[in-house]
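Chain by chain, the residues:
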Amino acid sequence: MSVLVYTESENGKFKKNAFEVASYAHEVANQMGTTVTAISVNAEDNESLGAYGVSKVLSVSDDKLKTFNAKAYAHAIAQAATKEGSQVIIVSSSTDSKFLAPILAAKLEAGYAPNVVAAPEGTNPLTVKRTAFSNKGFAHTRINTDVKIIGVSNNAFGTHENDATAAVETFAPSLEDGNFNVRSVEIDKAVGTVTIADADIVVSGGRGLKGPENWGMVEELAEVLGAATACSKPVSDMGWRPHGEHVGQTGKPVASNLYIAIGISGAIQHLAGVSASKVKVVINTDPEAPFFKAADYGIVGDAFEVVPQLTEKLKEF
Ligand code: FAD
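Please read these numbers as outputs of a predicted model, since none were measured by experiment.

**A closer look at helix 2 (residues 70-84)**
- The terminal C-alpha atoms of helix 2, which comprises 15 residues, lie 21 Å apart, in line with the 21 Å expected from a rise of 1.5 Å per residue.
- Most of helix 2 sits inside the fold, with eleven of its 15 residues counted as buried.
- Restricting attention to buried positions, one finds in helix 2 the residues Ala 70, Ala 72, Tyr 73, Ala 74, His 75, Ala 76, Ile 77, Ala 78, Ala 80, Ala 81 and Glu 84.
- In the core, the buried residues of helix 2 are packed alongside strand 1 (3-7), strand 4 (36-41), strand 5 (56-60), strand 6 (88-92) and helix 3 (95-108).
- With a side-chain oxygen lying 3.2 Å from the backbone nitrogen of Lys 71, the N-terminal cap of helix 2 falls on Asn 69.
- Positive phi shows up at Gly 85, right after helix 2, with a value of about 65°.

**Some details on the packing of helix 4 (residues 216-225) against helix 8 (residues 303-315)**
- Contact geometry for helix 4 and helix 8: axes closest at 10 Å, N-to-C directions at 25°. It follows that helix 4 is roughly parallel to helix 8 by the angle criterion. The handedness of the crossing between helix 4 and helix 8 is left-handed. Note on element contacts: helix 8 touches helix 4 through Ala 303, Phe 304, Val 307, Pro 308, Leu 310, Thr 311, Glu 312, Leu 314 and Lys 315, opposite Met 217, Glu 220, Leu 221, Val 224 and Leu 225.
- Looking at the contact of helix 4 with helix 8 residue by residue, the class counts come to ten nonpolar, one polar and three charged.

**Focus: the site of the ligand**
- Close to the ligand lie 27 residues, the nearest being Ser 232, Thr 250, Ser 265, Gln 269 and Asn 284.
- In this structure, Gly 208 approaches the ligand through a main-chain N or O atom, which is 3.5 Å from a nitrogen atom.
- At 2.7 Å, a side-chain N or O of Thr 250 approaches a nitrogen atom of the ligand.
- The fraction of the free accessible surface of the ligand (990 Å²) that becomes covered by protein chains is 74%.
- A per-class count over the shell around the ligand returns seven nonpolar, 15 polar and five charged.

Reading the values: the criteria
Residues numbered from 1 in each chain as written. Predicted model: local features only at pLDDT ≥ 70, side-chain atom pairs only at ≥ 80, totals over all residues. Heavy atoms only, no water. Helix = DSSP H or I, 4+ residues; strand = E, 2+ residues; numbered from the N terminus. Expected span 1.5 Å × (residues − 1). Buried < 20%, exposed > 50% of the residue type's maximum accessible area, 1.4 Å probe, protein only. Contact = heavy atoms within 4.5 Å. Polar contact = N/O pair within 3.5 Å; in protein donor to acceptor, adjacent residues only side chain to side chain. Axes fitted to C-alpha atoms, helices over the stretch in contact; angles between N-to-C directions. Parallel < 35°, antiparallel > 145°, perpendicular 65-115°, else oblique. Left-handed = near helix turned anticlockwise from the far one by under 90°. Nonpolar A, V, L, I, M, F, W, Y, C, P; charged D, E, K, R; others polar. Near = heavy atom within 4 Å. Areas by Shrake-Rupley, 256 points an atom, 1.4 Å probe, with all protein chains shown as cover.

Rendered as structure tokens:
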């Protein structure tokens, strides 16, 4: 009856959200008086999950799962849950996990609560706090089904470390051809080395940057900060930046520790997707830009002057 957590990895390395969901699962297991089992797919260094409260890792190593496939991954996790008798399953709120969780929920007849931002308020019945109405409020959601799936928001819970290591067990779920009836044939990676979902810092540009030829200064600032690059919707619609960088209500949600918005007005649809970020810095020539109302720090100024100066100053640290 352990709590099961799906720990995401990329190219064999655990993503940052893997440590967050493992820490969250540990908190849930403590409340329930049980342990945490993780399921990892083609990941290395599985023992390291012990430091985040995982007792056992079911390690899946399968070439068919090299590329993410929501249906096949959901089937593998469902089999792990059945094997462990898990009634509570924890996943992240990444795009991949939001894709697979409803399939998993349908398979296990489970209730699924995504965008959870805090430890459960109680485990019997299980009640969780989630963001609602495009991050403008919170909902306290009770999951009444026997099997429950919790999707934890990125950067909401943090990590809790100890010096334990996890036991690792090889796990070979049975996957049929039907599990692969939708396949990714090619993956277009967004530009930049840090992905938006995993980033502590996001540097984002809007229409105020005038054209794609001016993105060099955004990329340079992002590089100095070790940040991911992002953009507003019109910027990706006009093809200045790849669609993978579009953030907001209809794009990717951002819950970074620092969000720097350059030449972005702060329309409600943009703010809806980035308001979960902890500290927001806005650079805009217009002191009346709506984004300043949501900002923690604001610079009224021309991005073409402010950003290069900021980058040069940061290089000194
Ligand atoms: P603009 O609104 O044109 O703002 C540009 C800003 O740059 C201005 O504030 C200006 O003062 C400033 N500026 C100009 N020159 C400079 C300079 N030299 N230095 C510094 N600042 C300068 N938008 C999203 O971003 N994400 C979404 O998910 C999204 N979903 C939407 C869904 C729907 C259904 C709809 C209707 C709209 C959606 N939008 C979304 C669009 C949204 O309403 C805005 O139109 C968009 O966010 C504006 O983008 P922007 O801030 O880059 O451009």
